[in-house]
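Tertiary structure, described
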Amino acid sequence: MLGLMQDWQLLCHRILDHAATQHGGRQIVSRSVEGPFHTTNYAELRVRALRVAQRLERSGIKLGDRVATLAWNTWRHLEAWYGIMGIGAVYHTVNPRLFPDQIAWIVNHAEDRVMMVDLTFVPILEKLADRLKPIEQYVVLTDAEHMPATTLKNAVPYEEWIAEVDGDFAWKEFDENTAAGMCYTSGTTGHPKGVVYSHRSNVLHSLMAGQPDAMDVGARDVVMPVVPMFHANCWGLALTSPMAGATMAMPGGKLDGASIYEMLDNCRVSFTAAVPTVWLMLLAHLEANNLKLPHLKKVVIGGSACPRAMAQKFQDVYGVEVIHAWGMTEMSPLGTLGSLKPEYAGLKGESRLDVQQKQGHSPFCVEMKITDDAGNPMPWDGKTFGRLKVRGPAVARRYFKDDAEILDAEGFFDTGDVGTIDRYGYLNITDRSKDVIKSGGEWISSIELENLAIGHPKVAEAAVIGVRHPKWDERPLLVIVLKEGQSASKDELLAFFRGKVANWWLPDDVVFVREIPHTATGKILKTVLRDQFKDYAFPTAAA
Ligand code: AMP
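Residues numbered from 1 in each chain as written. Predicted model: local features only at pLDDT ≥ 70, side-chain atom pairs only at ≥ 80, totals over all residues. Heavy atoms only, no water.

Some words on the packing of helix α9 (residues 257–266) against helix α10 (residues 276–289)
In the contact formed by α9 and α10, the axes pass within 8 Å of each other and the chain directions differ by 80°. In terms of orientation, α9 lies roughly perpendicular with respect to α10. Of the residues in α10, those in contact with G257, A258, I260, Y261 and L264 of α9 are W279, M281, L282, H285 and L286. (Axes fitted to C-alpha atoms, helices over the stretch in contact; angles between N-to-C directions. Helix = DSSP H or I, 4+ residues; strand = E, 2+ residues; numbered from the N terminus. Parallel < 35°, antiparallel > 145°, perpendicular 65-115°, else oblique. Contact = heavy atoms within 4.5 Å.)

Shown next, in the form of structure tokens:
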């Protein structure tokens, strides 16, 4: 017997319809790429998204075709996403921080037909254009006045391009499992892999993300997604915010501390989200200028581990609640969020920070397990490490144009992360499975050691890698970038770890470097570091 409810497909453009109907006057304020602030609202944004859809259709873009965007977070990028999805085409966000060769590779792999590009990135594309074979037309996200002279094929300014249609258009109807968006993961080895979101997965992910114990976004919030739309599906915020009817603040291309502060303050932002690097810049700016954050209530920090000192500063100095989150491109991307369940809600001070160092618990729609290398489930005791595996309706089943099976027999996807889960369901990521340090048959968490090192007042950045050791197989090597103008001895740094971790976790040596290599999404590139130190011999190795 089937239920007798309506067949209402979960399509992403319904989110914008809802925002325009119920929250039509709510503003979207952007820092434009041209410079000045720009203000629109959901009702206007929907009208313009419909023009994008109609104009794309006139260009022959149809169901399943990929349309690339190489753009910052602005109202134009947002309406482009909805316009693309509204005809069943697929937004493909290209990360401008990728190496040019990778950009060329993914555009060809995705077979993007149209490229929507911000002024900032026109020069990059001009250099690459003869290798971007499938692109038929470049739409520059600006108006005629700001349109540069360019060699890009059939280049047109976006405003003139959408003005060529009258906007008398209706969204297309199709199955909710139709592809909506694409994002390539910037793997540290091999070619990037294409993750393909569906309308259904995006809508379910947005419902999940908005929940009180997840991001808790509502119509009274002013949401600023600092996380770029080209990174991991914008952590869902391009869909969650309109679904909730929240006001949006879009920071454009300026992500330095002063510019982020200016938007937080001008737009009275109550909720924001980004990687730790962005918040380091903001906190430095606040401190240097003696500023406060009177409007901001909540900040979601993820993408890499949130340093303890950062959580402490946001909460104790600025009165902003920190939600530590973990996720990945393959998960649309949310996996866990660190809101406090009743079991932990009463904690104060250091013990509260201890829990907030964990990456949090999974909302409905994400199931987790940890296993040993053979796939046997490990206990949720907060101590036992295991390979973290996940399943759910917004978790990848397969990569684009790749037949390889990526799920286990129970339908779980191996995240490549290693962690513990405690009895209340809180995940603690201790490592990437390939970065965990295996010393004498035991595992040492490189992330935990890095977090501790970052807490040292002279340390700007830290990485810990396993280096071969004749007796223990691998031992931790601490790689340090000191803050400008600081000097420190190895002993001074190692002393900082004593009493904070088990003695056998203490790094065997410290090396000072000027710079630590990063991936295009800002994560430490441990493959390169490991390669750099592959012949390194510990002073203790003979012992
Ligand atoms: P990406 O797909 O580029 O977003 O990268 C996902 C990976 O980033 C995860 O598999 C983790 O290894 C790492 N990651 C994300 N959030 C966190 C976090 N809060 N703490 C530690 N690692 C994280």
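And the narrative resumes.
With respect to the domain arrangement of the protein
Reports often express the size of an interface as the amount of accessible area lost when the parts come together. Here the protein is described as being made up of domain 1 (13–253), domain 2 (364–432) and domain 3 (437–532). The centre of domain 1, based on its C-alpha atoms, is set 39 Å off from the matching centre of domain 3. (Domains from an automatic or database assignment.)

Thoughts on the pattern of salt bridges
Overall, the coordinates contain 35 salt bridges when judged by the stated rule. A salt bridge links E111 to K401; the nearest nitrogen and oxygen atoms lie 2.7 Å apart. With E111 in the loop between α4 (100–110) and β5 (112–117) and K401 in the loop between β17 (386–391) and β18 (413–421), the pair connects residues that are 290 residues apart, well separated along the chain. With relative accessibility at 47%, the residue K401 sits in the partly exposed group. Linked through salt bridges whose partners overlap, the residues forming this network are E34, R48, R76, E79 and E159. (Salt bridge = Lys/Arg side-chain N within 4 Å of Asp/Glu carboxyl O. Buried < 20%, exposed > 50% of the residue type's maximum accessible area, 1.4 Å probe, protein only.)

What about the nonpolar core?
The nonpolar side chains of soluble globular proteins are, as a tendency, buried together. Counting residues in each nonpolar core, the largest one holds 146 residues, and the members touching the most others are L56, M116, W279, L293 and F314. Mapping this core onto the domain boundaries places at least three of its residues in each of domain 1 (13–253) and domain 2 (364–432). One finds L449, V459, V464 and I480 within the second-largest nonpolar core, a separate group that totals 19 residues. (Core = buried A, V, L, I, M, F, W, Y, C linked by side-chain atoms within 4.5 Å.)

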